[in-house]
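Reading the structure
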Amino acid sequence: MTATRAELSGMMDVMLAAFDPIYGEAWNEQQLLSALMIPGTRYAIIDASGVIGPPTAAVETAGFYLTRQICDEEELLLIAVAPEYRRIGLASRLLRHLFSAATDRGTTRLFLEMRDDNPARHFYDSFGFHQVGLRKAYYRGADGNLRNALTLSASVGKTM
Ligand SMILES: CC(C)(COP(=O)(O)OP(=O)(O)OC[C@H]1O[C@@H](n2cnc3c(N)ncnc32)[C@H](O)[C@@H]1OP(=O)(O)O)[C@@H](O)C(=O)NCCC(=O)NCCS
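Since the structure is predicted, the reported quantities are computational estimates derived from the model, not experimental observations.

The next subject is the nonpolar core. By size, the foremost hydrophobic cluster in this structure holds 27 residues, and its most contacted members are Leu76, Ile79, Leu95, Phe99, Tyr124 and Phe129. Taken together, the elements giving at least two residues each to this core come down to β1 (41–47), β2 (61–70), β3 (73–81), α3 (90–104), β4 (109–115), α4 (120–125) and β6 (146–155). Setting aside residues no more than four positions away along its own chain, Leu95 makes contact with Leu76, Ile79, Phe123, Tyr124, Phe127 and Phe129.

Pasting the structure below:
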């Protein structure tokens, strides 16, 4: 799935603002571009008023997700909301959009990898995700420390 320059730029702005470099979770633009070229990769972008769609010149990108479908499974590769737009329901709206779109394209299960001490765990819990795995030393942060990742999974079609 190709993205326009404005979409890429909006996603990278959110990426750099949203992920603390100390944890090593953010992707660089080349990684994002490479992922977007792989079949089955999809994304959605949201603005501060909660509208999901392509960014316009007048409206700043507030958040996005990136996902990859393989057969009837899908991995949520990234979801992020810029710090100034948090806790107003934008990531929830993005995730509801993903659940709905994933249902439509035949996905039955979603997976994601999450740093084990990320407070986003509360967010995922509320969408029915549960832990199905642990990857030790998965993230290497800017401080040189290695951190574990949890693999979470949720059924699609039953949540929301
Ligand atoms: C995780 C993230 C996407 C949540 O975005 P958001 O738009 O603020 O989320 P929402 O407003 O939809 O939150 C919905 C609910 O999830 C829970 N939640 C969200 N962020 C939370 C946090 N930091 N701590 C605890 N609970 C949280 C709360 O229950 C919240 O409801 P409430 O605000 O009424 O209490 C955002 O904090 C972010 O971009 N974090 C950095 C990137 C990241 O870690 N992404 C996930 C990687 S796996």
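Across the sheet, which stays open at both edges, the 6 strands sit in the order β1-β2-β3-β4-β6-β5 with mixed pairing between neighbours. The open sheet has two edge strands, β1 and β5 (130–140), and neither has a second partner. This sheet shows a mean twist of 25 degrees between the axes of neighbouring strands, independent of strand direction. Pairing analysis gives 7 bridges linking β4 to β6, with the strands arranged antiparallel. Across the sheet, the residue bridging to Leu112 is Leu152, located in β6.

In terms of burial, β2 is a largely internal element, 8 of the 10 residues being buried. Here β2 folds back onto β3 in antiparallel fashion, the turn holding 2 residues, of which Cys71 has a positive phi close to 55 degrees.

Cut-offs used in this document
- Residues numbered from 1 in each chain as written.
- Predicted model: local features only at pLDDT ≥ 70, side-chain atom pairs only at ≥ 80, totals over all residues.
- Heavy atoms only, no water.
- Core = buried A, V, L, I, M, F, W, Y, C linked by side-chain atoms within 4.5 Å.
- Buried < 20%, exposed > 50% of the residue type's maximum accessible area, 1.4 Å probe, protein only.
- Helix = DSSP H or I, 4+ residues; strand = E, 2+ residues; numbered from the N terminus.
- Contact = heavy atoms within 4.5 Å.
- Pairing = 2+ DSSP bridges.
- Axes fitted to C-alpha atoms, helices over the stretch in contact; angles between N-to-C directions.

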